[in-house]
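Examination of the molecular architecture
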Amino acid sequence: MIVEEVRVRFAPSPTGSLHIGGARTALFNWLFARKYKGIFVLRLEDTDILRSTEESSQGILEGLQWLGLDWDEGPDKGDVYGPYRQSERLPIYSKYLDQLIANGQAYYCFCSNEELQQEKEAARNQKRDYKYSGCCRELSLQEAEARIKQGLHPVIRIKAPDKGITMVHDLIRGDVEFSNALLDDFIIAKSDGWPTYNFAVVVDDASMKITHVIRAEEHLSNTPKQLLIYEALGLEPPKFAHASMILAPDRSKLSKRHGATSVQEFRDEGYLPEALLNYLALLGWSSGEDRDLWTLDELIPEFSLDGISRSPAVYDIEKLTWMNGHYISNSNAERFLNLSSNQSHMQKYLSDYPREYLLQVLDLVGNRIKTLNEIPGAIQYFCEDVDSYDAKGVTKHFKKTNAVIILNSVIDIVEKAPQFEASIIEDLLRRQAEIMQLKAAELIHPTRLALSGRTNTPGLFEVMEILGREKCLQRLKKAVTYIES
RNA sequence: GGCCCCUUGGUCAAGCGGUUAAGACACCGCCCUUUCACGGCGGUAACGGGGGUUCGAGUCCCCCAGGGGUCACCA
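Per-chain numbering applies: the sequence of each chain, read as written, is numbered from 1 onward. Here every chain gets a letter starting at A, and every ligand a number starting at 1, in the order they are written. Where totals are concerned, whole chains, interfaces and linings use all residues; where local detail is concerned, this predicted model gives features only for residues with pLDDT of at least 70, and gives and counts side-chain atom pairs only at 80 or more. Hydrogens and water molecules were not included; the side-chain quantities draw on all heavy atoms of the structure.

**Quick notes on the sheet that holds strand E7 (residues 187–189)**
Consider a sheet: its strands pair through backbone hydrogen bonds, and that pairing is either parallel or antiparallel. The cut-off we apply is this: Paired strands, as defined in this entry, are two strands with at least two bridges between them according to DSSP. Only DSSP runs of H or I with at least four residues qualify as helices, and only runs of E with at least two residues qualify as strands; both kinds are numbered from the N terminus onward. Working convention: axes come from line fits to C-alpha atoms, limited for helices to the stretch in contact. Angles between N-to-C directions cover 0 to 180 degrees.
The strand order E3-E4-E7 describes an open sheet built from three strands, whose pairing is antiparallel. Unpaired on one side and paired on the other, strand E3 (106–109) and E7 mark the two borders of the sheet. Averaged over all pairs of adjacent strands, the angle between their axes in this sheet comes to 45 degrees, without regard to strand direction.

**Some words on the pairing of strand E8 (residues 212–216)**
Worth spelling out the cut-off: Only protein chains enter the calculation, and the probe is 1.4 Å; a residue is then buried if its accessible area is under 20% of its type maximum, exposed if over 50%, and partly exposed in between. When the strands point away from the viewer, a crossover counts as right-handed if the route from the first strand across the helix to the second turns clockwise.
Within E8, five of the five residues are buried, which leaves the element mostly enclosed by the surrounding structure. With five bridges connecting them, E8 and strand E9 (residues 239–243) associate as parallel partners. In the sheet register, Arg215 faces E9, and the bridge partner there is His242. For the segment spanning E8, helix H7 (residues 223–233) and E9, crossover handedness is right-handed.

**With respect to the pattern of salt bridges**
Our working definition: Throughout this description, the term salt bridge denotes a Lys or Arg side-chain nitrogen within 4 Å of a carboxyl oxygen of Asp or Glu.
Applying the stated rule across the entire model yields 25 salt bridges. Note that Glu217 and Arg173 form a salt bridge whose closest N and O atoms lie 3.9 Å from each other. Of this pair, Glu217 sits in the loop between E8 and H7 while Arg173 sits in the loop between strand E5 (165–170) and strand E6 (174–179), placing them 44 residues apart in sequence. The partly exposed category is assigned to Glu217, whose relative accessible area is 29%. Overall, the relative accessible area of 21% leaves Arg173 in the partly exposed class. Taking the shortest distance from any N to any O, the salt bridge between Asp250 and Arg257 comes out at 3.1 Å. Its relative accessible area of 43% is what places Asp250 among the partly exposed residues.

**Some words on the protein's contact with RNA strand B**
Using the following cut-off: In these notes, residues near a molecule or strand are those with any non-hydrogen atom within 4 Å of it. Counting of polar contacts relies on pairs of N or O atoms within 3.5 Å, with two restrictions inside protein: one atom must be capable of donating a hydrogen and the other of accepting it, and residues adjacent in sequence are counted only when both atoms are side-chain atoms.
Around RNA strand B, the surrounding shell holds 56 residues, and the nearest of these are Arg173, Lys190, Asp290, Arg368 and Arg448. Each atom of RNA strand B within 4 Å of the protein belongs either to a base or to sugar and phosphate, the latter forming 69%. A distance of 3.0 Å separates a phosphate oxygen of RNA strand B from a polar backbone atom of Val314. In this structure, a base oxygen belonging to RNA strand B sits 2.5 Å away from a side-chain N or O atom of Arg448. Taken together, the elements giving at least two residues each to the surface near RNA strand B come down to E6, strand E11 (313–314), helix H11 (317–329), helix H19 (440–452) and helix H20 (460–467).

**Concerning the layout of surface pockets**
In this approach a probe as big as a water molecule rolls over the atoms, and the regions it shows empty are the leftover space. Quick note on the threshold: Method remark: on a 1 Å grid restricted to protein atoms, a set of points is classed as a cavity if a 1.4 Å probe fits but cannot get out and as a pocket if it is open with protein on both sides within 12 Å along at least five of seven lines; lining residues have an atom within 4 Å of a point. Grid points are joined across faces, edges and corners, and a volume is the space filled by probe spheres set on the points.
Space inside the largest pocket adds up to approximately 1,100 Å³. Residue lining of the largest pocket: 40 residues in total, with Pro12, Ser13, His19, Gly22 and Glu218 positioned closest to the centre. When contributions to the lining of the largest pocket are tallied by element, the ones reaching two or more residues are strand E1 (7–10), helix H1 (20–35), helix H6 (197–207) and E8. Examining the composition of the lining of the largest pocket, we find that four residues originate from one element, H1, more than from any other.

**Brief notes about the packing of aromatic side chains**
For clarity, the threshold we go by: Only centres within 6.5 Å qualify two rings of Phe, Tyr or Trp (six-membered ring in Trp) as a pair; their planes then separate them into stacked at under 30 degrees, edge-to-face at over 60, and tilted for everything else. As a reminder, the over-ring test applies to NZ of lysine and CZ of arginine, requiring each to be within 6 Å of the ring centre and within 35 degrees of the ring normal.
Scanning the model with the defined rule gives eleven aromatic pairs in all. Ring geometry for Phe266 versus Tyr271: centroids 5.5 Å apart, planes at 80 degrees, classification edge-to-face. Across this residue pair, the class does not change: Phe266 and Tyr271 are buried. Ring centres 6.5 Å apart and planes at 90 degrees place the aromatic pair Phe266 and Tyr315 in the edge-to-face group. Placement of Phe266 in helix H8 (residues 263–268) and of Tyr315 in the loop between E11 and H11 is noted, with a sequence separation of 49 residues between them. We note that Phe266, like Tyr315, is buried. In this structure an aromatic cluster arises from ring pairing among Phe28, Trp285, Trp294 and Phe303. Across the ring face of Phe110, the terminal group of Arg147 is positioned such that the distance to the ring centre comes to 5.1 Å.

**Remarks on the side chain of Asn324**
The condition is simple: Contact between two residues is taken to exist if any of their heavy atoms lie within 4.5 Å; hydrogens are not considered.
Along the polypeptide, Asn324 turns up in helix H11. Within the structure, the side chain of Asn324 is placed 2.6 Å from the backbone oxygen of Lys370, a separation counted as a polar contact. With residues near it in sequence (within four places) discarded, Asn324 still touches Gly270, Tyr271, Leu272, Ala275, Lys370 and Thr371.

**Remarks on a positive patch on the surface**
The criterion, for reference: Patch membership needs two things, relative accessible area over 30% and no salt bridge, and members are linked within 9 Å if like-charged or within 5 Å if nonpolar (Val, Leu, Ile, Met, Phe, Trp, Tyr). In short, Shrake-Rupley with a 1.4 Å probe defines the accessible areas, and a residue's cover is counted only from the protein chains shown. When charges are counted, Lys and Arg contribute as positive and Asp and Glu as negative, whereas His and the chain ends are disregarded. All charge positions are set by atom: Lys at NZ, Arg at CZ, Asp at CG, Glu at CD.
On the surface, a cluster of positive charge is contributed by Lys392, Lys396, Lys400 and Lys439. By the element assignment, Lys439 lies in the loop between helix H18 (422–435) and H19. For Lys439, a relative accessible area of 59% puts it in the exposed group.

Read these as spatial facts, not as claims about activity.
Right under this line is the structure:
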């Protein structure tokens, strides 16, 4: 048996940013293509000239690249069934449209917007569903062409059956029936000559030899219309798989008011691509295995359509953030520096300090942050002077009667340490605590506060080593002055 | 409103006729510890409701309810 090459596609319309729902659809398609050694096609559905923008196209491409979802054919590469922007495919659509007009499966319709409005209103008044009356259906082709010559711009409608059922064989949901009686002669080409969505997808998917259409559930209801078009055109439809949608925490459709929804926003908020990908993969898909952490490469062999959930998934930023923290702590300082170097704080730090120093700091801080955006805050006291102290810390550690004595003894240690290394400092400090008959913590806390202004930092002795003898001394003395004043 | 899809803890989810109904995030407690985080251990918490089918139902069927999607010369 000849195994057909798998060809899938991601077909966003460039009217906004790359939404996480879209990103997940792209991911599912990409995984499917990679698993079956097939082709992943990227197609831009930009026939809505008013809403499509070049900026949005670029944003989507960049978003996919950032995620690492590479395509084999698309606007910029692998032109075998192109072009891959619908706006450049008008001749192709026209050819198919002509075919349908010629064999009488579609017809020109001259009904004006006003007339259509009236029909709709009448339907509403009678509480029945609106269906196009079909008043242009019997118009002869000659008559239609004559009117076109007069300068009228008709739409094209398909002749839809009014009996029977159209069955969608969905790979995720099984067979779904739609009654044809519900369909009307819907428009397949607008009066400006451009195809409508349902017609364009069919022509594109067919002419691009797409074998599996994996997309979100919002398209399930469109599928019977598309099937009708395939049939009229005499084309073999692809297999369909409709994944469910991603919902906001309040179970409504995800929108701007729910915070970040585009991959660019997640990137800007300090999320790593592998974290977003990992999270998205698990949102609406499961391998059945008891496992949460996956790299893209690990997902490829495991991915399968029947692991895709039928029910909508509410996305939970807490879990994404947890995953991000995981990937951050497993990443290295070099990468953080590169990824965060565009932040304004980081640029300043980068110009003020040697790269090596910043790398040491990031290394220390890396496993206790959850997003890249926490970096400047987490390393601030390594790069800027301490000019205020945490209020609770002050009452707890500086207000004690022996605070100055403690800090002075630490100053003494800092001055005398033979090498300024964490283990040596720790040794000396613990010994000092014993001598003073105090718990080590009683020296550690005030010291931490003096050096960082904070009550929580990474291990104090590592912090001291990186800060260096001079800075420690200076900050310790400053704290003593602060307490005494 | 018509049509379609869906319904296991707060969230993601495993389960595919017989289980003490996994696991993860979040939350709580304990341990580790110089703080925070990490890590380890433990805990709270679920089959939307009602009918069937069956010796037995979260798993199959029907009804209801709820949520979502879709009904454009948008995609």
